[in-house]
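Residue-level structural notes
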Amino acid sequence: KAGVTQTPRYLIKTRGQQVTLSCSPISGHRSVSWYQQTPGQGLQFLFEYFSETQRNKGNFPGRFSGRQFSNSRSEMNVSTLELGDSALYLCASSSDRVGDSTNEKLFFGSGTQLSVL
Amino acid sequence: AQKVTQAQTEISVVEKEDVTLDCVYETRDTTYYLFWYKQPPSGELVFLIRRNSFDEQNEISGRYSWNFQKSTSSFNFTITASQVVDSAVYFCAGAKAAGNKLTFGGGTRVLVKP
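Residues numbered from 1 in each chain as written. Chains lettered and ligands numbered in written order. Predicted model: local features only at pLDDT ≥ 70, side-chain atom pairs only at ≥ 80, totals over all residues. Heavy atoms only, no water.

Examining the environment of Q113 of chain A
Residue and element names in this part refer to chain A. Tracing the chain through its elements places Q113 in strand β11 (residues 112–116). The exposure class assigned to Q113 is partly exposed, which follows from its relative accessible area of 29%. Each C-alpha atom of the pair Q113 and Y89 lies 6.4 Å from the other, and the pair is 24 residues apart in sequence. Reaching out from Q113, the side chain makes a polar contact with the backbone oxygen of A87 at a distance of 3.4 Å. (Helix = DSSP H or I, 4+ residues; strand = E, 2+ residues; numbered from the N terminus. Buried < 20%, exposed > 50% of the residue type's maximum accessible area, 1.4 Å probe, protein only. Polar contact = N/O pair within 3.5 Å; in protein donor to acceptor, adjacent residues only side chain to side chain.)

Concerning the interface of chain B and chain A
With 21 residues of chain B in contact, the opposing surface of chain A contributes 26 residues. Buried area between chain B and chain A, both sides added, is near 1,900 Å², and the carbon and sulfur share of it is 55%. When the area that chain B buries against chain A is broken down by residue, the three leading residues are R50, N100 and K101 of chain B, summing to 33%. Run the count over chain B and chain A and you get zero salt bridges. Taken together, the connections running from chain B to chain A amount to 13 residue pairs in polar contact (both at pLDDT 80 or more). Contributing elements (two or more residues each) for the side of chain B that touches chain A: β5 (32–39), β6 (46–52), β10 (88–96) and β11 (102–104) of chain B. The element contributing the most residues to the side of chain B that touches chain A is β5 of chain B, with four residues. (Contact = heavy atoms within 4.5 Å. Buried area = accessible area lost by both parts, 1.4 Å probe. Salt bridge = Lys/Arg side-chain N within 4 Å of Asp/Glu carboxyl O.)

Some words on the pairing of β11 of chain A
Each regular strand displays side chains that alternate between the two surfaces of the sheet. All names here are of chain A. Only one face of β11 is buried, namely the one carrying T112, L114 and V116, since none of Q113 and S115 on the opposite face is buried. As defined by bridge partners, strand β9 (residues 87–94) adjoins β11 across three bridges and the pair is classed as antiparallel. If you follow L88 over to β11, its bridge partner there is Q113. (Pairing = 2+ DSSP bridges.)

Section: the pattern of salt bridges
All names here are of chain A. Overall, the coordinates contain seven salt bridges over all chains when judged by the stated rule. Residue R55 pairs with D96 through a salt bridge whose shortest N-O separation is 3.1 Å. One end of the pair, R55, is in strand β6 (residues 53–57); the other, D96, is in the loop between β9 and β10 (107–108), and 41 residues separate them in sequence. The closest approach of N and O atoms between R67 and E75, which form a salt bridge, is 3.2 Å. Of the residues examined, R67 reaches a relative accessible area of 46% and is grouped as partly exposed. By sharing partners, the salt bridges in this structure join E48, R55 and D96 into a single network.

Things to note about the state of the cysteines
Residues and elements named next belong to chain B. Within this structure, the stated rule accounts for two disulfides over all chains. What pairs with C23 in a disulfide is C92, and their sulfur atoms sit 2.0 Å apart. Looking down the S-S bond of the C23 and C92 bridge, the torsion is -65°, so its handedness is left-handed. Here C23 is found in the loop between β3 (19–21) and β4 (24–26), whereas its partner C92 is found in strand β10, with 69 residues between them in sequence. (Disulfide = S-S within 2.5 Å.)

Brief notes about unusual backbone geometry
Cis geometry is found at the peptide bond from T7 of chain A to P8 of chain A, where omega equals -10°. Topologically, P8 of chain A is positioned in the loop between β1 (5–7) and β2 (10–13). The backbone of K16 of chain B shows a phi angle near 85°, a positive value even though the residue is not glycine. Take K16 of chain B: it is sitting in the loop between β2 (10–14) and β3.

This is the structure in structure tokens:
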């Protein structure tokens, strides 16, 4: 079974631009979550999508948005990039909520490393 | 709100030594789920273990074992007979009953020297 696939692996953008990151979950998984990892703030939850609906949202500005398609693939968009948006963006997938099964867990991709110059 | 604290920022051991990673998970929830993930240099977070707040016993899985003390909110993780391939950053995380929002600790970098 293929794992969580994130593209691209690396991105370099300049301030003010916008960027779209892509995530393909494990086959059969309907939940996709996004996390931002920075040296200063650590790992922070951005949002979660389940069956094309945003189910949960973290404390990030409206410049960060996402969507999920009918095949469960998800995209994350960041508009008007700032230097502080430089980070590793990780996507995770699961069948459903971790509380719905005693064995449920999140599977993470290798991330997209975004550098904003 | 939940809070996850990993007090150790870096641990260095020699191969075959045991390594214990500390984690404190603070929450007012009665039902919650705790995880340990490993992040090698490739960046991917690799699932290691999960414990539910209502589980009765601590467990061992291969070289991994974990100890959950509800009274002190501690969720410690031990790697027995460490190997060089265990070198990575280890994250403790918790989740509430609803949703898949994981709250992560700051991570502990483990360096296993040959």
